[in-house]
Amino acid sequence: MSRSEWVSRHQSGGHDVRRAMGLTTLSAVLPGSGLLGTPRRRLGLVLVGLALLTVVLILGYALSNGLTTTALQTAADTGRLRTISVVLVLGTLVWVGAIALTALTSAPRRATAGGRAALTTLTAVLCLAVTAPAVLGVRYIDAHVDAVDQVFGSSGAVGGGSGNADSTPTSVLGDNPDDPWEDLPRVNVMLLGSDAAEAREGTRTDTMIVASIDTRTGDSVLFSVPRNLQRVPLPRDNPLYDVYGPVYDCGDQCLMNSIWTEAETVAEEHPEWYADDPTPGQTATKEVLSGILGIPIHHTVIVNMEGFADLVDAMGGVLVNVQERIPIGGYTYTDANGTLQLDPTSDFEWLEPGSHRLTGPQALAYSRSRVTSDDFSRMRRQRCMVAAVVDQVNPMTMLQRYPQIIGAVGDNVVTDLPQQDLDEWAALVLDVQAGTMSSLPFTGANTDTTDPNYSRIRARVYEALHPQPAPEPPADAAATTSAGGDEAEQTSEAPTPTEPDDGAAPTTEEPTDELEDVGAVCG
């Protein structure tokens, strides 16, 4: 049918506007499909073909590569994301143009004012419906790319230092796409909570946790190192060795959490010693912690503790089982005995034991408070907070709050993880969520912080990472169990705590600070 024949047939004022509305709606469902019923059908065929080809290519790639792998690889590749953003904008413009052209081409010439208004309104609504997801997608992509550039652009520099953008691949990741961690069965990451506030001089790493992850299973162990650990060993090739010798020792002023600041101070006095190291504080902290625990530390993640509250708020809060009464807010002071005290006249509230969904400021105070407890209780709470945040990150939360979450991450987290390894690391994080998470803190209950036995610390770390299988029961014991009926069956199970007598108050055991599942410590 020629254009003149089509116009002649559809120029009647009695032509049903609903047909034009239906064709316009078709173009909104599948770009250009509504044009197939108009003189612009050739253009419609081209647009429909391009749309179907695009869908087939995307689905084919995702299914052949795996949906999860495709998503992770795309999220890790900022170049690909920028390309997707441009294609998304151009594709949306073409789609909107197809909707508008369908409405213009299919509209009857002698339609009533009401019919024209209805078609115009529908066209506007359909264009908006197509544009809104694209705008949201571009916003998410921009937020993600900006955060990735911030987090990975500084290579972990915080509280001073210019960073080093030339991160090396993790240890190095193998070339086997089916097993990228083939050459690294265990990866160790140093997690630091930085207190580099404007009112303080230098950076204090008051939170120091090393996460050791089994790259086969995702099972992980968290090692907490106390901030007030003294007489820490210094590696011979670190410049601090030239100042202090093999041990960082000057009494209670030389603590583990001041290594960062000390290294930066020495770097200012002797810049030639750090010619090849743009982040002396981070390097020294990493090397000293590695010597303390006796394991290599491959990478570092540093979180600005003040910004941690923003991250928790962006997640919509974090659910935590509070095990001790903790003050939130208020002011503290040190009394004549050197004990931290809470100012009773200041504005604060008590966080009572029990299950609570904490806001960002509450989560930060819960993780940092020492005023009614001690450093070691705080270390337990920090490990619980790490586990809670990892456990409660889920796809729906990420999707709903992604710009806020990724913005908080970009503003407050830096790392030296190589950007080119992000897809492998994202897949590993999924394994960590599915695996077990254990905790081994070094506290006053198992370590003399003023004169530590570092050989014993390293031995305990080794034992935690290489657990011995439980011994099998002797054959005669097994036979006795089989012959003993119901009562004997009970002896084959682990003993359970004795229930208190009726009327007796249950007792709450103090944490033993041994290797335990995080759920047992925090539950």
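What counts and how
- Residues numbered from 1 in each chain as written.
- Predicted model: local features only at pLDDT ≥ 70, side-chain atom pairs only at ≥ 80, totals over all residues.
- Heavy atoms only, no water.
- Disulfide = S-S within 2.5 Å.
- Buried < 20%, exposed > 50% of the residue type's maximum accessible area, 1.4 Å probe, protein only.
- Helix = DSSP H or I, 4+ residues; strand = E, 2+ residues; numbered from the N terminus.
- Contact = heavy atoms within 4.5 Å.
- Core = buried A, V, L, I, M, F, W, Y, C linked by side-chain atoms within 4.5 Å.
- Salt bridge = Lys/Arg side-chain N within 4 Å of Asp/Glu carboxyl O.
- Pairing = 2+ DSSP bridges.
- Phe/Tyr/Trp six-rings, centres within 6.5 Å; stacked < 30°, edge-to-face > 60°.
- Lys NZ or Arg CZ within 6 Å of the ring centre and 35° of its normal.
- Expected span 1.5 Å × (residues − 1).
- Arc of directions from axis to C-beta.

Would you mind showing me how to read the state of the cysteines here?
In a disulfide, the sulfur atoms of two cysteines are held together by a covalent bond. Taken as a whole, this structure holds one disulfide when the rule is applied. The disulfide that involves Cys250 links it to Cys254, with 1.7 Å between the sulfurs. Handedness of the Cys250-Cys254 disulfide follows from its S-S torsion of about 100 degrees: it is right-handed.

Help me understand helix H4 (residues 67-76), please; the structure alone is not making it clear to me.
For an α-helix, the turn length of 3.6 residues means that residues three or four places apart are oriented alike. Regarding H4, the residues found buried are Thr70, Leu72, Thr74 and Ala76. Elements in contact with the buried residues of H4: helix H3 (41-65), helix H5 (78-106) and helix H14 (422-434).

It is not clear to me how the nonpolar core should be interpreted in this structure. Could you clarify?
Here is a general trend for soluble globular proteins: nonpolar side chains tend to be buried in one another's company. In this structure, Phe223, Val232, Met256, Ile259, Leu289, Ile292 and Leu293 are the most contacted members of the largest nonpolar core, which totals 37 residues. At the level of secondary structure, the elements contributing two or more residues to this core comprise strand S1 (186-195), strand S2 (204-214), strand S3 (220-224), helix H7 (240-244), helix H8 (259-269), helix H9 (280-293) and helix H15 (454-465). Apart from residues lying up to four places away in sequence, Phe223 is in contact with Met208, Ile209, Val210, Ser212, Leu293, Ile295, Leu440, Phe442, Val461, Ala464 and Leu465. Within the second largest apolar cluster, 23 residues are counted, among which are Leu311, Val312, Val318 and Ala363.

Looking at this structure, I do not really get the pattern of salt bridges. What am I missing?
This structure, assessed with the given rule, holds eight salt bridges. Among the ionic pairs, Arg186 bridges to Asp214, the shortest N-O distance being 4.0 Å. Here Asp214 lies in strand S2 and Arg186 lies in strand S1, a separation of 28 residues in the sequence. Taking the relative accessible area as the measure of exposure, Arg186 reaches 22% and is therefore partly exposed. Accessibility expressed as a relative area gives 19% for Asp214, which makes it buried. Put simply, Asp249 and Arg231 hold a salt bridge, and the shortest N to O gap is 2.7 Å.

Hey, could you run me through unusual backbone geometry in this one?
Most of the time, phi is negative for any residue but glycine, and the peptide bond is trans. If you check the backbone angles, Arg231 has positive phi at about 55 degrees while not being a glycine. Checked against the element boundaries, Arg231 lands in the loop between S3 and strand S4 (232-233).

For this particular structure, what's the right way to read the environment of Thr205?
Relative to the elements of secondary structure, Thr205 occurs in strand S2. Each residue touching Thr205, except ones within four places of it in the same chain, is listed here: Leu192, Gly193, Asn257 and Trp260.

Sorry, what's going on with the pairing of strand S7 (residues 318-322) here?
Residues Val318, Val320 and Val322 point to one face of S7 and are all buried, whereas Leu319 and Asn321, pointing to the other face, are not buried. Sheet topology note: the S7/strand S12 (residues 354-358) ladder contains five bridges and is antiparallel. Its bridge partner lying in S12, Leu319 is registered against Arg357.

What's the story with the packing of aromatic side chains in this structure? I'm lost.
Geometry of an aromatic ring pair is reported as the spacing of the ring centres plus the angle between the planes. For the structure on display, the rule yields two aromatic pairs. Ring plane angle 85 degrees and centroid distance 5.2 Å describe the contact between Trp181 and Trp425, whose orientation is recorded as edge-to-face. In this pair, Trp181 is assigned in the loop between helix H6 (113-153) and S1 and Trp425 in helix H14, connecting sequence segments 244 residues apart. Considering the side-chain rings of Tyr244 and Tyr248, the 4.9 Å spacing of their centres and the 85 degrees angle between planes classify their relative orientation as edge-to-face. We classify Tyr248 as buried; its relative accessible area is 2%. The positively charged end of Arg325 is found above the aromatic ring belonging to Trp350, 4.1 Å away from the centroid. The ring of Tyr366 has Arg381 lying over it, and the distance from NZ or CZ to the ring centre is 5.8 Å.

What's the story with helix H2 (residues 17-29) in this structure? I'm lost.
Here H2 contains 13 residues, and its C-alpha end-to-end distance of 19 Å stays within 8% of the 18 Å for a straight helix at 1.5 Å per residue. Taken together, the buried positions of H2 are occupied by Val17, Ala20, Leu23, Thr24, Ser27 and Ala28. One side of H2 holds all its buried residues, which, seen down the axis, span an arc of 150 degrees. Residues of H2 that are exposed and point more than 90 degrees away from the buried face comprise Arg18 and Val29.

These values are about where atoms sit, not about what they do.
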